[in-house]
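Spelled out from the first residue to the last, the chains are:
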Amino acid sequence: MKNNQRREFLKSTGLVGLGLFGAGSTLANEFENRPLQAKKGVNRIQSFNMSGFAAPKIDTVRVGIVGLGMRGPGAVDRLSKIENVEIKALCDLLPERVEKAKAQLKDTPHKPDVYSGNAYSWKEMMDRDDLDLIYIATPWEWHTPMAVYAMEAGKHAACEVPIARTLEECWQLVETSERTKKHCMQLENCCYDFFELMTLKMAREGYFGEVLHVEGAYIHDLLALNFKKDGGYQDMWRLKENYRDGNLYATHGLGPICQILNINRGDQMDFLTSTSTNDFSMHAEAMKLAEKDNFFASYAQKNFRGNMNTSMVKTKNGKTIMIQHDVSSPRPYSRLHVVSGTEGYAQKYPEAKVSKGHGWLKDEEFKDLETKYTPEIIQKVGELAKKVGGHGGMDFMMDWRLIDCLRNGLPLDQDVYDAALWSCVSPLSEWSVANRSNSIDVPDFTGGNWKTNAPVNITLAGGGNTGVRV
């Protein structure tokens, strides 16, 4: 699609000019129709099945990165260490962030052009003809508009989590990816953590027997950071997200356990119920801060989400999924990872443990399991990933795997249906919380093809040849 045709398309969808979908107004307008939208996938015929899709090989992946605040600089560093990657463009609203990120690349082969200064500089960057991949690390409300624009511009899109905030956005991503035949990957790094990858291989090889129940969570005390006036999130954007009440950040806990259950690839979510506690800390914090600083006066007038949200999903094959979210209670960090089967059990947080009965395996038995069930990707780049860093190495393994798949023309481990499904838990949970925890149907973004789509391939077959500079 030529640039002028693309602009006309985006104008017709409302993306040009606004650059996003109206944020609050869209959320409000969608809310009452959410049960209807959840049924949209019933009897839907895909225009093209992106599950298992392999795009043409790209020997050197040319990357543009947008969003250089919290997550973007880490991505710049990690991608710069992967061979056959060329970082050609950097973009952020704030010029100083772009210059700082460019300075990171001073002693590397990368000489990126920079884009900044207004809220739509990213469009100019994405309109270039010499980019293969757009890497998005901006505030949440920009994720879908940017990913859609990138695909319309003929680029693959890789986006931080959650990739969408509404069901409407989820469907836009799915329909755009199918029509353009461009990858749209949600950058769910927790799928590449070491224990999560090991339990995935264990599940594949039958260690747990029939997996019947899984659990995941994101429990992280961000109260102080979300209220941090200087040096926190730009324009307090993440605090403002907490005006919504539900599981706003489901994908960290959800991604790995969905892969274990072969969700979208052999099983599918059926319906969801969700409940939240009241808010016992966020409004109180806003009130306390407002007494000393008038900057917080407007926040003291807002209602915030409940501290703990618990959501339950029943799958088509009769399995259950529990996901929890709490970012405002003084609890130890946890991304609870539970795999419960007819023959075994595994759990991570506070420790990684495995059981074959009432008791945990001994340390030496656990080490034997690690030796037997460590996937190829960890054997290949696990130690390098630890050196490069990024949440203990999982960020680097995610980026390396993405580039290796693009270079070798392999399907991605996470496709647009995963991105949409894992993200849609947030708006669905909001509806359920607001409706006395009534159940709501979960859309089938695959158009029924979950019954025949192949599970994620956790081997390096056909790839594994991408080098690393450390």
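Cut-offs and rules
- Residues numbered from 1 in each chain as written.
- Predicted model: local features only at pLDDT ≥ 70, side-chain atom pairs only at ≥ 80, totals over all residues.
- Heavy atoms only, no water.
- Axes fitted to C-alpha atoms, helices over the stretch in contact; angles between N-to-C directions.
- Helix = DSSP H or I, 4+ residues; strand = E, 2+ residues; numbered from the N terminus.
- Parallel < 35°, antiparallel > 145°, perpendicular 65-115°, else oblique.
- Left-handed = near helix turned anticlockwise from the far one by under 90°.
- Contact = heavy atoms within 4.5 Å.
- Nonpolar A, V, L, I, M, F, W, Y, C, P; charged D, E, K, R; others polar.
- Pairing = 2+ DSSP bridges.
- Salt bridge = Lys/Arg side-chain N within 4 Å of Asp/Glu carboxyl O.
- Buried < 20%, exposed > 50% of the residue type's maximum accessible area, 1.4 Å probe, protein only.
- Polar contact = N/O pair within 3.5 Å; in protein donor to acceptor, adjacent residues only side chain to side chain.
- Core = buried A, V, L, I, M, F, W, Y, C linked by side-chain atoms within 4.5 Å.
- Domains from an automatic or database assignment.

Caption draft 1: Structural detail: the packing of helix α9 (residues 194-204) against helix α12 (residues 251-260). Contact geometry of α9 with α12 gives a least axis separation of 9 Å together with a crossing angle of 20 degrees. It follows that α9 is roughly parallel to α12 by the angle criterion. Remark: the crossing between α9 and α12 carries right-handed chirality. On α12, the residues touching Glu-196, Thr-199, Leu-200, Ala-203 and Arg-204 of α9 are Pro-256, Gln-259 and Ile-260. Along the lines of polarity and charge, the residues of the contact of α9 with α12 split into 4 nonpolar, 2 polar and 2 charged.

Caption draft 2: Region of the structure containing the sheet that holds strand β13 (residues 353-355). The 8 strands are arranged β13-β12-β11-β7-β10-β9-β8-β14 in an open sheet whose pairing can be described as mixed. Because the sheet does not close on itself, it has two edges, and the strands there are β13 and β14 (440-441). Against the sheet, helix α17 (residues 416-434) engages β8 (269-276), β9 (309-315) and β14, with an angle of about 50 degrees to β8.

Caption draft 3: Focus on the pattern of salt bridges. Taken as a whole and judged by the stated rule, the model has 34 salt bridges. Where Glu-285 meets Lys-288, a salt bridge forms, and the shortest distance between an N and an O atom there is 3.3 Å. In this pair, Glu-285 and Lys-288 are both assigned in helix α13 (residues 282-292), 3 residues apart and thus about one turn of the helix distant. When its relative accessible area of 46% is taken as the criterion, Lys-288 is described as partly exposed. Where salt bridges share partners, they join Arg-71, Arg-78, Glu-160, Asp-395 and Asp-399 into one cluster.

Caption draft 4: Local environment of the environment of Ile-378. Here Ile-378 is to be found in helix α15 (residues 376-388). When near neighbours in sequence (up to four residues on either side) are disregarded, Ile-378 contacts Phe-194, Leu-197, Glu-383 and Met-397.

Caption draft 5: Structural context of the side chain of Asp-413. Along the polypeptide, Asp-413 turns up in the loop between α16 (394-408) and α17. What makes Asp-413 buried here is its relative accessible area of 9%. Side chain to side chain, Asp-413 and Tyr-192 meet in a polar contact 2.7 Å long. Separated by 2.9 Å, the side chains of Asp-413 and Arg-401 make a polar contact. Asp-413 has contacts with Tyr-192, Gln-259, Arg-265, Arg-401, Asp-418, Val-456 and Asn-457, leaving out every residue within four places of it along the chain.

Caption draft 6: Expanded view of the nonpolar core. Judged by nonpolar contacts, the single largest core of 116 residues is most densely connected at Leu-254 and Met-269. Top contributing element to this core by residue count: α17, with 10 residues. Counting only domains with at least three residues in this core, you end up with domain 1 (61-187) and domain 2 (190-375 + 414-451). Setting aside chain neighbours within four positions, we find Leu-254 in contact with Met-269, Ile-321, Ile-323, Trp-422 and Val-425. Grouped together as the second largest cluster of nonpolar side chains are 10 residues, Leu-239, Phe-296, Tyr-299 and Ala-300 included.

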